[in-house]
Amino acid sequence: QKEVEQNSGPLSVPEGAIASLNCTYSDRGSQSFFWYRQYSGKSPELIMSIYSNGDKEDGRFTAQLNKASQYVSLLIRDSQPSDSATYLCAVRSTGFQKLVFGTGTRLLVSP
Amino acid sequence: GAGVSQTPSNKVTEKGKYVELRCDPISGHTALYWYRQSLGQGPEFLIYFQGTGAADDSGLPNDRFFAVRPEGSVSTLKIQRTERGDSAVYLCASSLKGTTISGANVLTFGAGSRLTVL
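Predicted, not measured: the structure shown is a model, and the values here were computed from it. (Residues numbered from 1 in each chain as written. Chains lettered and ligands numbered in written order. Predicted model: local features only at pLDDT ≥ 70, side-chain atom pairs only at ≥ 80, totals over all residues. Heavy atoms only, no water.)

1. Let's talk about the overall build of chain B
Each helix and strand counted, chain B has zero helices and 11 strands in total. Secondary structure elements in chain B, listed N-terminal to C-terminal, are β-β-β-β-β-β-β-β-β-β-β. Expressed as lengths along the three principal axes of its C-alpha atoms, the size of chain B is roughly 45 × 30 × 25 Å. Split into buried and exposed, the 118 residues of chain B put 45% on the buried side. Residue pairs at least 24 apart in sequence account for 54% of intrachain contacts in chain B once pairs closer than 6 positions are excluded. Accessible area for chain B stands at about 5,500 Å²; split by element, carbon and sulfur atoms hold 49% of it. Here chain B contributes 12 positive and 10 negative side-chain charges, whose respective centroids are spaced 4 Å apart. (Helix = DSSP H or I, 4+ residues; strand = E, 2+ residues; numbered from the N terminus. Buried < 20%, exposed > 50% of the residue type's maximum accessible area, 1.4 Å probe, protein only. Contact = heavy atoms within 4.5 Å. Areas by Shrake-Rupley, 256 points an atom, 1.4 Å probe, with all protein chains shown as cover. Lys, Arg positive; Asp, Glu negative; His and termini not counted. Charge placed at Lys NZ, Arg CZ, Asp CG, Glu CD.)

2. Side note on the interface of chain A and chain B
How big an interface is tends to be expressed through the accessible area that disappears when the partners come together. Taken together, the contact between chain A and chain B spans 17 residues of the former and 23 residues of the latter. Across the interface of chain A and chain B, roughly 1,600 Å² is buried in total on both sides, 57% from carbon and sulfur atoms. For chain A, the biggest contributors to the area lost against chain B are A:Tyr51, A:Gln97 and A:Lys98; these three give 34% of the whole. Taken together, chain A and chain B are joined by zero salt bridges. (Buried area = accessible area lost by both parts, 1.4 Å probe. Salt bridge = Lys/Arg side-chain N within 4 Å of Asp/Glu carboxyl O.)

3. Let's talk about the state of the cysteines
All names here are of chain A. Across all of its chains, the model carries two disulfides over all chains by this definition. With its sulfur 2.1 Å from that of its partner, Cys23 forms a disulfide with Cys89. Looking down the S-S bond of the Cys23 and Cys89 bridge, the torsion is -70°, so its handedness is left-handed. Of this pair, Cys23 sits in strand β3 (residues 19-25) while Cys89 sits in strand β9 (residues 85-93), and the two are 66 residues apart along the sequence. Of the two residues, Cys23 and Cys89, both sit in the buried class. (Disulfide = S-S within 2.5 Å.)

4. Quick notes on the confidence of the model for chain B
For chain B, per-residue confidence averages 91 on the pLDDT scale, and residues scoring 70 or more make up 93% of the total. In this model residues 98-104 of chain B is a low-confidence stretch, pLDDT under 50, and it forms 11 contacts with partners more than four residues away in sequence or in other chains. (pLDDT = per-residue confidence, 0-100.)

5. Examining the nonpolar core
By size, the foremost hydrophobic cluster in this structure holds 24 residues, and its most contacted members are A:Trp35, A:Val72, A:Leu74, A:Ile76 and A:Tyr87. Of all the elements in the fold, those that place two or more residues in this core are β3, β4 (30-38), β5 (45-50), β7 (61-66), β8 (71-76), β9 and β11 (105-110) of chain A. Setting aside chain neighbours within four positions, we find A:Tyr87 in contact with A:Gln6, A:Leu21, A:Trp35, A:Tyr36, A:Arg37, A:Ile47, A:Leu74, A:Ile76, A:Gly104, A:Thr105 and A:Leu107. Counting residues in each nonpolar core, the second largest holds 20 residues, with B:Leu32, B:Phe49, B:Ile79 and B:Tyr90 among its members. (Core = buried A, V, L, I, M, F, W, Y, C linked by side-chain atoms within 4.5 Å.)

6. Comments concerning the layout of surface pockets
Reported here for the largest pocket is a volume of approximately 670 Å³. Of all elements in the fold, only β9 and β11 of chain A together with β9 (88-95) and β11 (113-117) of chain B reach the threshold of two or more residues within the lining of the largest pocket. Of the residues that constitute the lining of the largest pocket, the class distribution is 11 nonpolar, 20 polar and three charged. Its volume calculated, the second largest pocket comes out at about 340 Å³. (1 Å grid on protein atoms, 1.4 Å probe; cavity = no way out; pocket = protein on both sides within 12 Å on 5 of 7 lines; lining within 4 Å. Points joined across faces, edges and corners; volume = space filled by probe spheres on them. Nonpolar A, V, L, I, M, F, W, Y, C, P; charged D, E, K, R; others polar.)

Okay, structure coming up:
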């Protein structure tokens, strides 16, 4: 079992719709969770971080964390074509500094 | 500097050659990470430095890979006897330890060094 699992996609949504990206992780000791966006040929850039159970909202983005189910999600409201990218879920376990990344989900937003 | 700087941006080499990749982190960032990303995959952890010392090198795939950070700033990733399977984008990231809540450190990535081994 991979430490961090994501559906590779692509996830296709029309412009203006809500995109829902999901991630599961295997280490129950994980404490910090991150979503990075990566455009083709570019490096990952941080979108959201979440540390506590529940929802965290930032503009059009909402991160959701459920530690009991070992599940993290990212919702993108009012999706725009410029949101088309690969979204990487990353997890950090207690006592470790490294981030473990999933393989990423490719999102395609069509005009 | 303003961002994480990596050189070279592209490196093409022949199988068996030695390669060095350089990372210059954001000024003041004490933590530095090396990751490797193959096509269609997420970044794979290689090594983490806190200051000058390698605090976690558990991701280095074998003894052909080595990294240093002698003065606690610039880091060099060294690959000996390169193999075709080493072809990937090598990403460097840095963070200012302890800047965020819950003790979590936000990583900022450089643009990467694309290594191609022929």
